[in-house]
Every structure is written in C-alpha cells, then in structure tokens.
Amino acid sequence: MNIAIFASGQGSNFSAIVKTFEKTKTNGKIVLLVCDNPQARVIRKAERSGIKTAVIPRNDFSSKRDFEKKITQNLNNSKISLIILAGFMRLLSPEFVKLYAGRIINIHPSLLPAFKGEHGIQDAFDYGAKVTGVTVHFVDEKMDHGPIILQGIVEIKENDTLESLEAKIHKLEHKLYPRAIKLFLEGKLKISGRKTRIAIQ
Ligand code: GRF
C-alpha cells in the first residue's frame, strides 16, 4: 500500500515514521511527501531519505479546489492509498476528505477533543492542565476531529516549561504515530458500536 505524508514544517514526525518503516516489515511504503511550504525543513529530510516530494504552495492556485486538484493528481500518479497528516497546516475540504474517506490519518498534540487548533501544546500548558497528550485519529471534515485511533498521556509537572512539555509530547508522537499506522496497515482498526469508536483487533 502506497503512503503519502503531508507536512508543512519541521518534519520530526515524518522522520520518525520513515525510520520506523525502514526497520519494520509492513505492507506499506512511504512513497511521497506532499508539502505546501517551499521553506519547510521536511523537504530536505525527504530528499535525504530518497522520498519523492511534491511541493504545492497554496498561493500558486486561485482556489482551494485547484490546489487540492493538484494534490490529487500527485496522489494518483503515485497510486496513494493512505494519507498521513504530520503537521500539515491546512484544513482539507469536505470533498477531498470524502474522496479518501477512512484513509486519512492525523496526529494532534493534545488529548482531543480538548485543545484543538494550531497551539494544542501551549494551550494546555497555559490553561494549567495537569495532563495532556497526543491523539492519532481518522480525519473527517472538521478540524482535529474524527474517530480516535490511539491516545497517549503526558503529565504536566510543576517544573515543566513549555519547551520541556513540547519535548515530551514530540517524543510520544514519534512512538504513537508509527504504531497507529501499522495497526491500520495490518487491518486491525475496525469501527465498532457507535460510529465514532475504533476497536483495535
Ligand atoms: C506535531 O506536534 C503534530 O502533532 C502537529 O504538528 C506538529 C508537527 O511537528 N499536527 P513535526 O513537523 O512533525 O516536527
């Protein structure tokens, strides 16, 4: 199964996933990076790993529809069956999500549904939460929303700073995300009971 990773920035999750896939035998292959930011560090990381990159800046297109059309063309060319969002800073349209229904996964640095949005780590920290964490979930048409695959907890201790919390969150992300993708590839994720509940088999 061919996999595309969508990212806009640093790419630490990209690297963690690629590294895990190099070590582990799965039926998935990361073949494409889709990046909307020409300055993103993740582009160099993909180059170093020999992964094909499609740099598609939103500003090159007059509409979101055309932007996503270009993305879809790239996905079709690489015969992509699974999309992994790893710090991709754009909300995909309902039409795009429908096209890949049940085949788009996202990671968010909080325990959803708490602290959605761009600053999930900082918002939990500033709120004074005692615990926060990481959520891997299927993507639906809403932001940071959809059936949850895995969650992991991170405690916010008295002596934590925003930086130390970020480091703990990222460390957990790098373990949790490859694990969730593997579960998907092994066909172990089943929607059960209420429509939003994922059972791991
Ligand atoms: C991660 O914290 C992820 O949860 C969020 O964006 C960040 C991306 O970090 N969606 P990186 O680019 O993978 O280092």
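Described below are features of the structure shown in this document. (Residues numbered from 1 in each chain as written. Predicted model: local features only at pLDDT ≥ 70, side-chain atom pairs only at ≥ 80, totals over all residues. Heavy atoms only, no water.)

1. Considering helix α2 (residues 42–49)
Logical step 1: Along α2, the residues classified as buried are Val42, Ile43, Lys45 and Ala46. Take α2 and look down its axis: the buried residues cluster within an arc of 160 degrees, on one side only. Those residues of α2 that are exposed and angled more than 90 degrees off the buried face are Glu47 and Arg48.
Logical step 2: Where α2 is buried, its residues meet β1 (2–7), α1 (12–23), β2 (29–35) and β3 (52–55).
Logical step 3: Following α2 by one or two positions, Gly50 adopts a phi angle in the positive range, close to 70 degrees. (Buried < 20%, exposed > 50% of the residue type's maximum accessible area, 1.4 Å probe, protein only. Helix = DSSP H or I, 4+ residues; strand = E, 2+ residues; numbered from the N terminus. Arc of directions from axis to C-beta. Contact = heavy atoms within 4.5 Å.)

2. A look at the site of the ligand
Logical step 1: The full set of residues close to the ligand is Gln10, Gly11, Ser12, Asn13, Gly87, Ile107, His108, Pro109, His170 and Glu173.
Logical step 2: Here Glu173 contributes a side-chain N or O atom positioned 2.3 Å from an oxygen atom of the ligand.
Logical step 3: Protein chains bury 84% of the 370 Å² of accessible surface belonging to the ligand in isolation.
Logical step 4: Residue assignment for the shell around the ligand shows that the elements contributing at least two residues are α1, β5 (104–108) and α6 (162–185).
Logical step 5: The residue inventory of the shell around the ligand, partitioned by class, reads 2 nonpolar, 7 polar and 1 charged. (Near = heavy atom within 4 Å. Polar contact = N/O pair within 3.5 Å; in protein donor to acceptor, adjacent residues only side chain to side chain. Areas by Shrake-Rupley, 256 points an atom, 1.4 Å probe, with all protein chains shown as cover. Nonpolar A, V, L, I, M, F, W, Y, C, P; charged D, E, K, R; others polar.)

Nothing here speaks to function; it is geometry throughout.
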